[in-house]
Number of protein chains: 2
Amino acid sequence: MPRFALAQMNMSSIYEENIAKADYFIEKASKEHVDCLLLPELFTRLYFCQIEDYESFSYAEERSNSKTLKHFQKMAERFQIVLPISFFEKAGNCFFNSLVVFDKDGKDLGLYRKSHIPTGACYEEKFYFAEGDTGFKVFHSSCGNLGIGICWDQWFPETARILALKGADILMFPTAIGSEPILPFDSMKHWQNVMRGHASANIMPLLAANRFGKESIGDSSMIFYGSSFIADEHGEIVSSFNREEEGLLYKDFDFQKIANERQTWGVFRDRRIDLYSPILKKDDTSI
Amino acid sequence: MPRFALAQMNMSSIYEENIAKADYFIEKASKEHVDCLLLPELFTRLYFCQIEDYESFSYAEERSNSKTLKHFQKMAERFQIVLPISFFEKAGNCFFNSLVVFDKDGKDLGLYRKSHIPTGACYEEKFYFAEGDTGFKVFHSSCGNLGIGICWDQWFPETARILALKGADILMFPTAIGSEPILPFDSMKHWQNVMRGHASANIMPLLAANRFGKESIGDSSMIFYGSSFIADEHGEIVSSFNREEEGLLYKDFDFQKIANERQTWGVFRDRRIDLYSPILKKDDTSI
């Protein structure tokens, strides 16, 4: 059975420190016989989208020429571990919030560009990122078919459903989420419940890896709430961190057994695709 | 603020007893100033779909000529309460698992026919019911826009999302679910998690009303697991029954406040309808 892990990490303003921390968890996961390790979203930097700053575009890297990707490709091969790596991508005249998956032999399994881009106080992603143009992607790795979305993608049942329809065995979401300084919300439970819904509705496990701790950029600051978790195929949380822990969670999954249950349950048989076209509208009240 | 209630009930083999029990809860709800009461699926009978029996088709009623509907229409008006009523519908050469909503003045707000029809041991609905042909429906009642699905519909994120896109303030599911005699599952938590996912992803409250207790039909028997619940707009369960309680749960909802939060959160703004066409396929792995 493949073993899946996530790392919950506190990020620094120093790129090299973040790389070193990720390396530490990759090596640690390898020792624990982990087959695939999920790191948080944009883990090589502070969450620069907290403010709109033209200087931060300098963090972006071209996929074919990325120091970050080259490094983790080597790490994947060296430690024989599947690594989905979130990075800030420059591509021609566009910038994307992207992710590449490296298989255990270091093979590049493809690129995904975050589809749903948030904006609002402390999450100014529409300033930096174009909406992803790859569509949703399942990565066919040596330890299973990985259905991966990025952060805000996790709030949309459509993301999870499409990944399931594309043959995912497991859903994975690198994330950077925390306080809403302007809104009176603590969204932690809400955030978990939405993803527990994806796992249970699609009858497949789910991992969400978040950063934690306070980050200040200029006059702005926010607190990321950690609470990374692994949910089983019924949406039950089987392992989780609190809001301030750093570390690794892992769990083994029998994808064949889960696929059998998914088949037995019959929801994919009974979907009414002839009735679902309203999902292709933004609004269906006024028509 | 409108007050929403659900009744969890144990059903009898005698139609009149079930009607009397529903009446009891309607009157009780009215005394508690409930604006809308949700009763379980097909509550006037034992869950006859437990077996395939041609005799059971005799339970079906034509909408325009239904003793059951006429009765509850009068009850709605008499007790000034909105009543979604689940019933076994005969329509021409077809039979449906249907629902009509009566407003406080007894006005018929429309018909919904269950879209997703299950089958399998103890849930032989495909034997009785044609797939619903109405599409998903939001009922515009005097206490809010009611997005109502029926039982198996509740397992599909598409149901909830489409009801939200059609302007629902609240999601409601009359249900009959319990043991899986042939499968090694207890699906109760799974069942709750899927619907908590709908509530949280669409940022609106949800009610699920189930029957409970053992029912035997011929040589077959099964146990319905109750566990009816009310979830808030973050998917947290705010009120619930255990597996063997009979009674009424209710909760007041400020739909304007919830709508404000839904707007603030931005998920409906950021949906990528240009990427969702795979949802209109049964499978997207082989293409």
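Calculation criteria
Residues numbered from 1 in each chain as written. Chains lettered and ligands numbered in written order. Predicted model: local features only at pLDDT ≥ 70, side-chain atom pairs only at ≥ 80, totals over all residues. Heavy atoms only, no water. Pairing = 2+ DSSP bridges. Helix = DSSP H or I, 4+ residues; strand = E, 2+ residues; numbered from the N terminus. Axes fitted to C-alpha atoms, helices over the stretch in contact; angles between N-to-C directions. Contact = heavy atoms within 4.5 Å. Buried area = accessible area lost by both parts, 1.4 Å probe. Salt bridge = Lys/Arg side-chain N within 4 Å of Asp/Glu carboxyl O. Polar contact = N/O pair within 3.5 Å; in protein donor to acceptor, adjacent residues only side chain to side chain. Parallel < 35°, antiparallel > 145°, perpendicular 65-115°, else oblique. Left-handed = near helix turned anticlockwise from the far one by under 90°. Nonpolar A, V, L, I, M, F, W, Y, C, P; charged D, E, K, R; others polar. Least-squares fit on C-alpha atoms with pLDDT ≥ 70 in both. Core = buried A, V, L, I, M, F, W, Y, C linked by side-chain atoms within 4.5 Å. Buried < 20%, exposed > 50% of the residue type's maximum accessible area, 1.4 Å probe, protein only. Expected span 1.5 Å × (residues − 1). Arc of directions from axis to C-beta. pLDDT = per-residue confidence, 0-100.

(A) Broad picture of the sheet that holds strand S3 (residues 83-91) of chain A. Residue and element names in this part refer to chain A. The three strands are arranged S3-S4-S5 in an open sheet whose pairing can be described as antiparallel. The open sheet terminates on both sides in strands that have one partner only, identified here as S3 and strand S5 (108-113). Recorded for the sheet is a direction-independent mean angle of 30 degrees between the axes of neighbouring strands. Pairing geometry for S3 and strand S4 (residues 94-102), over nine bridges, is antiparallel. Its bridge partner being in S4, Phe88 is matched across the sheet by Asn97.

(B) Representation of the sheet that holds strand S2 (residues 36-38) of chain B within the structure. Residue and element names in this part refer to chain B. Strand order in this open sheet of three strands is S2-S1-S15, and the pairing throughout is mixed. Strands at the two margins of the open sheet, each flanked by one partner only, are S2 and strand S15 (247-252). With strand direction ignored, the average angle separating the axes of adjacent strands in the sheet is 20 degrees. Where strand S1 (residues 3-8) lies against S2, three bridges are found, and the strand directions are parallel.

(C) Molecular detail of the interface of chain B and chain A. Taken together, the 59 residues of chain B in the interface contact 59 residues of chain A. Counting the surface lost from both chain B and chain A, the interface buries some 5,600 Å², and carbon and sulfur atoms represent 62% of this. Our enumeration of links across chain B and chain A arrives at 10 salt bridges. Across the pair Arg271 of chain B and Glu158 of chain A runs a salt bridge, and its minimum N-O distance is 2.9 Å. Taken together, chain B and chain A are joined by 41 residue pairs in polar contact (both at pLDDT 80 or more). Elements that contribute at least two residues to the side of chain B that touches chain A include exactly helix H4 (157-165), helix H5 (188-202), helix H6 (255-265) and helix H7 (267-270) of chain B.

(D) How the structure looks around the side chain of Glu261 of chain B. With respect to the secondary-structure elements, Glu261 of chain B resides in helix H6. In this structure Glu261 of chain B touches Phe185 and His190 of chain A together with Ile203, Glu233 and His234 of chain B, once residues within four positions along its chain are discounted.

(E) Fine view of the packing of helix H1 (residues 15-31) of chain B against helix H2 (residues 67-79) of chain B. Residue and element names in this part refer to chain B. The N-to-C vectors of H1 and H2 enclose an angle of 15 degrees; their axes lie 10 Å apart at closest approach. The angle between H1 and H2 places the two elements in the roughly parallel class. Judged by the twist between their axes, the crossing of H1 over H2 is right-handed. Along its contact with H1, which presents Tyr15, Ile19, Ala22, Asp23, Ile26, Glu27 and Ser30, the element H2 presents Lys67, Thr68, His71, Phe72, Met75 and Phe79. Considered class by class, the residues forming the contact of H1 with H2 number seven nonpolar, three polar and three charged.

(F) Molecular detail of the relation of the copies chain B and chain A. For the pair chain B and chain A, the relating rotation is 180 degrees, the translation along its axis is 0.0 Å, and the fit reaches an RMSD of 0.0 Å. Both copies of the chain, as the preceding transformation shows, are related through a two-fold rotation axis. Judged by C-alpha distance, Gly197 of chain B is the residue of chain B that lies nearest the rotation axis, at 1.8 Å. Most of the interface of chain B is mirrored in chain A, where 100% of its interface residues again form contacts.

(G) Spatial organisation of the nonpolar core. Judged by nonpolar contacts, the single largest core of 146 residues is most densely connected at Phe4 and Leu146 of chain A together with Phe4 and Leu146 of chain B. Residues in contact with Phe4 of chain B, not counting those within four places in the same chain, are Cys36, Cys143, Leu146, Ile170, Met172, Leu207, Ile230, Leu249, Tyr250, Lys251, Phe253 and Phe255 of chain B.

(H) View of H1 of chain B. Residues and elements named next belong to chain B. For H1, which comprises 17 residues, the first-to-last C-alpha distance of 25 Å matches the rise-based estimate of 24 Å (1.5 Å per residue) to within 8%. Among all positions of H1, only Tyr15, Asn18, Ile19, Ala22, Asp23, Phe25, Ile26 and Ala29 are buried. The buried residues of H1 all sit within an arc of 165 degrees when viewed along its axis, so they share a single face. Opposite the buried face of H1, at more than 90 degrees from it, the exposed residues are Glu16 and Lys31. Residues of H1 that are buried in the fold lie against S1, S2, H2, strand S4 (83-91) and S15.

(I) How the structure looks around the confidence of the model for chain A. Scored by pLDDT, chain A comes out at a mean of 97, with 100% of its residues at no less than 70. Among the prediction metrics, the complex's ipTM stands at 0.97, with pTM recorded as 0.98.

(J) Local environment of the environment of Pro118 of chain B. You can see Pro118 of chain B is positioned in the loop between strand S6 (108-113) and helix H3 (125-128). In this structure Pro118 of chain B comes out as buried when scored by relative accessible area, which is 7%. It is 6.5 Å that separates the C-alpha atoms of Pro118 of chain B and Trp152 of chain B, two residues lying 34 residues apart in sequence. When sequence neighbours within four positions are dropped, the list of residues in contact with Pro118 of chain B reads Arg269 and Asp270 of chain A together with Tyr123, Glu124, Glu125, Lys126 and Trp152 of chain B.

(K) Layout of H5 of chain B. Residues and elements named next belong to chain B. Spanning 15 residues, H5 covers 22 Å between terminal C-alpha atoms, matching the ideal 21 Å at 1.5 Å per step. Extensive coverage of H5 is indicated by the burial of 14 of its 15 residues. Looking one or two places after H5, you find Ile203, whose phi comes out positive at around 55 degrees.

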